[in-house]
Amino acid sequence: MLKPSFLILFCLSFLSLFITQPVHAANCDGLPGTSGTIPAGTYTLTDNCTITGTFNITSGTVTINGGGFAIDGGSSYQIFYVSSGATLELNNVILRNGNGTFFGAINNAGTITISNSTLSNNHAGGYGGAIFNSNTVTITNSTLS
């Protein structure tokens, strides 16, 4: 006969196979992924995240409420590309370590509004480190460094 303590340990070990821990830093909680096209809508970050490629805003309005959390380019990726006719609104978001051949954090051909946010340590080999703009940008109560 098996001892009760063995059975308890066996059951706990078995159950641990089905319990997963959330991974927040790498999966951009609150956004639909870590790169690619973000559909129009309002998103709220729930943790810092490191992207795996550029986020593309291709149509409509994308609003990101950051809650003070950061989107990090990992010193490898441009963070946002905003297409002509599209709008990106950033509220209380930190964009850091964006890096691209020509553009760092944001390449804007549409409309962007940045409020209460920080863009820091973004670099580009060509044009805009923080923002390369060819359309409309409004920045309020924010820091670019």
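The rules we used
Residues numbered from 1 in each chain as written. Predicted model: local features only at pLDDT ≥ 70, side-chain atom pairs only at ≥ 80, totals over all residues. Heavy atoms only, no water. Phe/Tyr/Trp six-rings, centres within 6.5 Å; stacked < 30°, edge-to-face > 60°. Pairing = 2+ DSSP bridges. Helix = DSSP H or I, 4+ residues; strand = E, 2+ residues; numbered from the N terminus. Axes fitted to C-alpha atoms, helices over the stretch in contact; angles between N-to-C directions. Buried < 20%, exposed > 50% of the residue type's maximum accessible area, 1.4 Å probe, protein only. Disulfide = S-S within 2.5 Å. Contact = heavy atoms within 4.5 Å. Salt bridge = Lys/Arg side-chain N within 4 Å of Asp/Glu carboxyl O.

**Q** Just checking my understanding: could you explain the packing of aromatic side chains for this structure?
**A** Pairs of aromatic rings are described using the distance from one ring centre to the other and the angle between the two planes. Inspection of every chain in the model, using the stated rule, returns 6 aromatic pairs. An aromatic cluster is defined as three or more aromatic residues linked by ring pairs; in this entry it consists of Phe102, Phe103, Tyr127 and Phe132.

**Q** Quick question: what am I supposed to make of the sheet that holds strand E8 (residues 87-91) here?
**A** The strands making up a sheet are joined through hydrogen bonds of the backbone, oriented either antiparallel or parallel. A sheet is described by the order of its strands in space; here 5 strands give the open sequence E2-E5-E8-E12-E16, paired in parallel fashion. Pairing within the sheet leaves two strands with one partner each, and these edge strands are strand E2 (41-44) and strand E16 (136-140). Taking each pair of neighbouring strands and ignoring which way they run, the sheet shows an average axis angle of 10°. Both E2 and strand E5 (residues 61-65) contribute to a ladder of 4 bridges, which runs parallel. Note on E5: the bridge partner recorded for Thr44 is Asn65.

**Q** Sorry, what's going on with the side chain of Asp72 here?
**A** Looking at where Asp72 falls in the secondary structure, it is placed in strand E6 (residues 70-72). Using a relative accessible area of 10% as the deciding quantity, one classes Asp72 as buried.

**Q** Can you help me understand the state of the cysteines in this one?
**A** By definition, a disulfide is the covalent link that joins the sulfur atoms of two cysteine residues. Applying the stated rule across the entire model yields 1 disulfide. Through a disulfide, Cys28 is tied to Cys49; the S-S separation comes to 2.5 Å. Residues Cys28 and Cys49 are joined through a disulfide that is right-handed, its torsion about the S-S bond being 85°. In this pair, Cys28 sits in the loop between helix H1 (4-16) and strand E1 (36-37) while Cys49 sits in strand E3 (residues 49-50), placing the two residues 21 residues apart along the sequence. A relative accessible area of 0% places Cys28 in the buried class.

**Q** Is there a simple way to explain the environment of Ser120 in this structure?
**A** Relative to the elements of secondary structure, Ser120 occurs in strand E13 (residues 118-120). In this structure Ser120 comes out as buried when scored by relative accessible area, which is 18%. If we skip the residues at most four places from it in the chain, Ser120 touches Leu95, Arg96, Asn97 and Ser145.

**Q** What should I look at first to understand the pattern of salt bridges in this one?
**A** Counted by the stated rule, this structure contains 1 salt bridge. Salt-bridge contacts for Asp72 lead to Arg96; the nearest nitrogen and oxygen are separated by 3.0 Å. Linking Asp72 in strand E6 with Arg96 in strand E9 (residues 94-96), this pair joins segments that are 24 residues apart in sequence. Classification of Arg96 by relative accessible area gives partly exposed; the value is 28%.

**Q** Honestly, the pairing of strand E12 (residues 111-115) in this entry has me stumped. Any pointers?
**A** Side-chain direction in a regular strand flips from residue to residue, so the side chains alternate between the two faces of the sheet. In the sheet, E8 pairs with E12 via 5 bridges, with the strands oriented parallel. From the neighbouring strand, Thr87 faces E12, where its bridge partner is Thr111.

**Q** Would you explain the sheet that holds strand E11 (residues 106-108) in this entry?
**A** One open sheet holds the 5 strands; their spatial order is E1-E4-E7-E11-E15, and the pairing between them is parallel. The sheet terminates laterally at E1 and strand E15 (131-133), the two strands that pair on one side only. Where strand E7 (residues 80-82) and E11 come together, 3 bridges link them in parallel fashion. Pairing of Phe80 across the sheet is with Ile106, part of E11.

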